[in-house]
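The lines below spell out each chain.
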Amino acid sequence: MTPRAADRARFDRATAHLDAPLALVDLDAFDANAEDLLRRAGGKPVRVASKSLRCRALLERALARPGFAGVMSFTLAESLWLARAGFGDVLLAYPSADRAGFAELAADAKLARAVTVMVDDPAQLDLVDAARGDGREEVRVCLELDTSLRLLGGRIRIGARRSPLRGPGELAELARSVARRPGFRLVGLMAYEGHVAGVGDAVAGRPLRSRAVRLMQAVARREVAERRAEVVAAVRAVAPDLEFVNGGGTGSVQHTAAEEAVTEVAAGSGLYLPRLFDDYTSFRGRPAALFALPVVRRPGVGAVTVLGGGYPASGAPGRDRLPVPYLPEGLRYDPVEGAGEVQTPLLGSAADDLLIGDKVWFRHAKAGELCERFDRLHLVEGDRVTGVVPTYRGEGRAFL
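Described in the following lines is the structure provided in the data block. Quantities reported herein were computed from a predicted structural model and do not represent experimental measurements.

Observations concerning a nonpolar patch on the surface
- A contiguous nonpolar patch, built from Leu-151, Leu-152, Ile-156 and Val-219 and spanning about 300 Å² of accessible area, is present on the exposed surface.
- Assignment of secondary structure puts Val-219 in helix H10 (residues 207-238).
- Of the residues examined, Val-219 reaches a relative accessible area of 34% and is grouped as partly exposed.

Comments concerning the pairing of strand E2 (residues 46-49)
- Across the two faces of E2 the burial is the same, with Val-46 and Val-48 and Arg-47 and Ala-49 all buried.
- Of the pairings in the sheet, the one linking E2 to strand E3 (residues 68-73) comprises 3 bridges and is parallel in character. Bridge pairing in E3 places Ala-49 opposite Met-72.
- Note on the crossover from E2 through helix H3 (residues 56-63) to E3: the handedness is right-handed.

Quick notes on the nonpolar core
- Counting 90 residues, the largest nonpolar core has Leu-143 and Tyr-272 as its most contacted members.
- It is helix H2 (residues 27-41) that provides the largest number of residues to this core, a total of 7 residues.
- Counting residues in each nonpolar core, the second largest holds 12 residues, with Leu-18, Ala-20, Leu-22 and Tyr-326 among its members.

Description of the environment of Pro-328
- In this fold, Pro-328 is placed in the loop between strand E14 (324-327) and strand E15 (332-333).
- You can call Pro-328 buried: its relative accessible area is 10%.
- Spatially, the C-alpha atoms of Pro-328 and Phe-399 are 34 Å apart, while their sequence positions differ by 71 residues.
- Beyond its immediate sequence surroundings of up to four residues, Pro-328 is in contact with Arg-8, Ala-350, Leu-354 and Lys-359.

Considerations on helix H1 (residues 3-14)
- An ideal rise of 1.5 Å per residue puts 16 Å on 12 residues; H1 measures up with 16 Å between its terminal C-alpha atoms.
- Residues of H1 that are buried: Arg-10, Phe-11 and Ala-14. Viewed along the axis of H1, the buried residues span an arc of 95°, placing them on a single side of the element.
- In this structure, the buried residues of H1 make contact with strand E1 (22-26), strand E12 (289-300), E14, strand E17 (359-363), strand E18 (376-381) and strand E19 (384-390).

Describing the packing of aromatic side chains
- Within this structure, the stated rule accounts for 13 aromatic pairs.
- Relative to Phe-399, the ring of Trp-81 lies with its centre 5.5 Å away and its plane at 45°, an arrangement referred to as tilted. Of this pair, Trp-81 sits in helix H4 (residues 76-84) while Phe-399 is found in the segment after E19, placing the two residues 318 residues apart along the sequence. Phe-399 carries the same exposure label as Trp-81, and that label is buried.
- An aromatic cluster of three or more residues is present, and its members are Phe-74, Trp-81, Tyr-392 and Phe-399.

Describing the packing of H4 against helix H5 (residues 99-107)
- Viewed as axis vectors pointing N to C, H4 and H5 meet at an angle of 30°, and their least axial separation amounts to 9 Å. Viewed along their axes, H4 and H5 form a crossing whose handedness is left-handed. Contacts between H4 and H5 pair Leu-76, Leu-80 and Arg-84 from the former with Gly-101, Phe-102, Glu-104 and Leu-105 from the latter.
- Among the residues making up the contact of H4 with H5, the classes are represented as 4 nonpolar, 1 polar and 2 charged.

A few points about the sheet that holds strand E5 (residues 115-119)
- Judged by pairing direction, the barrel is parallel, and its 8 strands sit side by side in the order E2-E3-E4-E5-E6-E9-E10-E11 before closing back on the first. Ignoring which end each strand starts from, the neighbouring axes of this sheet average 30° apart.
- With 4 bridges joining them, E5 and strand E6 (residues 139-144) adopt parallel strand pairing. In the strand pairing of E6, Val-119 is matched with Leu-143.
- Contacting E3, strand E4 (90-92) and E5, H4 runs over the sheet at an angle of about 165° to E5.
- The strands touched by helix H8 (residues 168-180) within the sheet are E5, E6 and strand E9 (184-191), with E6 carrying the most contacts at an inclination of about 170°.

Concerning the side chain of Asp-146
- Locating Asp-146 in the fold gives a position in the loop between E6 and strand E7 (149-151).
- Side chain to side chain, Asp-146 and Ser-148 meet in a polar contact 2.9 Å long.
- Polar contacts involving the side chain of Asp-146 include one to the side chain of Arg-166, which spans 2.7 Å.
- When near neighbours in sequence (up to four residues on either side) are disregarded, Asp-146 contacts Arg-157, Ala-160, Ser-163, Leu-165, Arg-166 and Arg-227.

Things to note about the packing of H8 against H10
- Axis separation between H8 and H10 bottoms out at 8 Å; the angle between their running directions is 25°. As far as their axial angle goes, H10 and H8 are roughly parallel. Here H8 and H10 pass one another in a crossing that is right-handed. On the side of H8, the interface is formed by Pro-168, Leu-171, Ala-172, Ala-175, Arg-176 and Ala-179, while H10 contributes Glu-230, Val-231, Ala-234, Val-235 and Val-238.
- Residues belonging to the contact of H8 with H10 are distributed by class as follows: 9 nonpolar, no polar and 2 charged.

Quick look at the state of the cysteines
- Across all of its chains, the model carries 0 disulfides by this definition.
- The thiol sulfur of Cys-55 is not disulfide-bonded, and the nearest other cysteine sulfur, from Cys-371, lies at 6.4 Å.

A look at the pattern of salt bridges
- The final tally for this structure, using the stated rule, is 36 salt bridges.
- Between Glu-329 and Arg-4 there is a salt bridge, with the nearest N and O atoms lying 3.9 Å from each other. You can see Glu-329 sitting in the loop between E14 and E15 and its partner Arg-4 sitting in helix H1, a full 325 residues away along the chain.
- What you see here is one network of salt bridges that share partners, running through Asp-146, Arg-150, Arg-157, Arg-166, Glu-223 and Arg-227.

The rules we used
- Residues numbered from 1 in each chain as written.
- Predicted model: local features only at pLDDT ≥ 70, side-chain atom pairs only at ≥ 80, totals over all residues.
- Heavy atoms only, no water.
- Patch = residues over 30% accessible without salt bridge, like charges linked within 9 Å, V, L, I, M, F, W, Y side chains within 5 Å.
- Areas by Shrake-Rupley, 256 points an atom, 1.4 Å probe, with all protein chains shown as cover.
- Salt bridge = Lys/Arg side-chain N within 4 Å of Asp/Glu carboxyl O.
- Helix = DSSP H or I, 4+ residues; strand = E, 2+ residues; numbered from the N terminus.
- Buried < 20%, exposed > 50% of the residue type's maximum accessible area, 1.4 Å probe, protein only.
- Pairing = 2+ DSSP bridges.
- Right-handed = clockwise from strand over helix to strand, strands pointing away.
- Core = buried A, V, L, I, M, F, W, Y, C linked by side-chain atoms within 4.5 Å.
- Contact = heavy atoms within 4.5 Å.
- Expected span 1.5 Å × (residues − 1).
- Arc of directions from axis to C-beta.
- Phe/Tyr/Trp six-rings, centres within 6.5 Å; stacked < 30°, edge-to-face > 60°.
- Axes fitted to C-alpha atoms, helices over the stretch in contact; angles between N-to-C directions.
- Left-handed = near helix turned anticlockwise from the far one by under 90°.
- Nonpolar A, V, L, I, M, F, W, Y, C, P; charged D, E, K, R; others polar.
- Polar contact = N/O pair within 3.5 Å; in protein donor to acceptor, adjacent residues only side chain to side chain.
- Parallel < 35°, antiparallel > 145°, perpendicular 65-115°, else oblique.
- Disulfide = S-S within 2.5 Å.

Here's what the structure looks like:
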């Protein structure tokens, strides 16, 4: 029996009493992935990206492990909710225009101590001030550095379009703006190199593209390390008590952690290990988050139909954004129909061994987006369900 076949047997036994659709997290794999992230971080704290988990119980499980520290959130409303629930260090990774949220933050001492907001433009400070109302609590601020790689004098740009701030002078000037402004305190700097952390460099069947990605990433790592060090020095000259410098992501943890200027790294997807994180030469993990759909039709030889399945991931549209049929091995989408809203035909010789009511296990292309489809995660240890925990959706929370 192959390891994947053994996993299928284990998951089927664990959930034999449950009807699909359902989602599970294999805690043995989750914990092994957590240990691998800590090993790669080389002793620097790992901040957990909440958008990759979207489950408070699993955020708490990760943070209970020595070496993980703090949450990286994705909206202000989520940040405040987590802080009220007892999470004491929440870094909002994206700028916000949530005026009601800023008013709440500025009026509550507990929230103001726990939450740090992201800024890359003085206009964002103006928005906070305009929303304060009677709130006079000091707002913790983190600045974001753009890490995109610019080539040929800027004519080629590789990387996400995030912060407009690239150089030491720009970041230092915004740092001075924060320092001069009553009601704010500069505590951190973040630089997310998504073109390194979030792009696989070993895509199956695409050797030339994979080699080009590896060459690009080698250049990008050197460039951002040099520029980040210069920016950190410039910002620390303005704010010597800077608490943290955050960088990296699941795909770049070991590289980013090796930079002296970086004090912590961020990761989240590496705990679930969705499909898009199979394509890396630098690390291997264990798929921990899966969902099952039931077989409801057998339309012909070499074909079954499962209920649901149209769960594409965000990003540029493409086949790599679809969930992948994972267990049993040997199933594929019908190219004419793909993943359907209500039903999904699957083709392959493995279909002939499936009966009505059997489960087909899928892996989502990305991590936390899976939780927007399911209210609960069944926690599996070995071949038993040992717990059931709500996702954000299951707690009635849809932040985006």
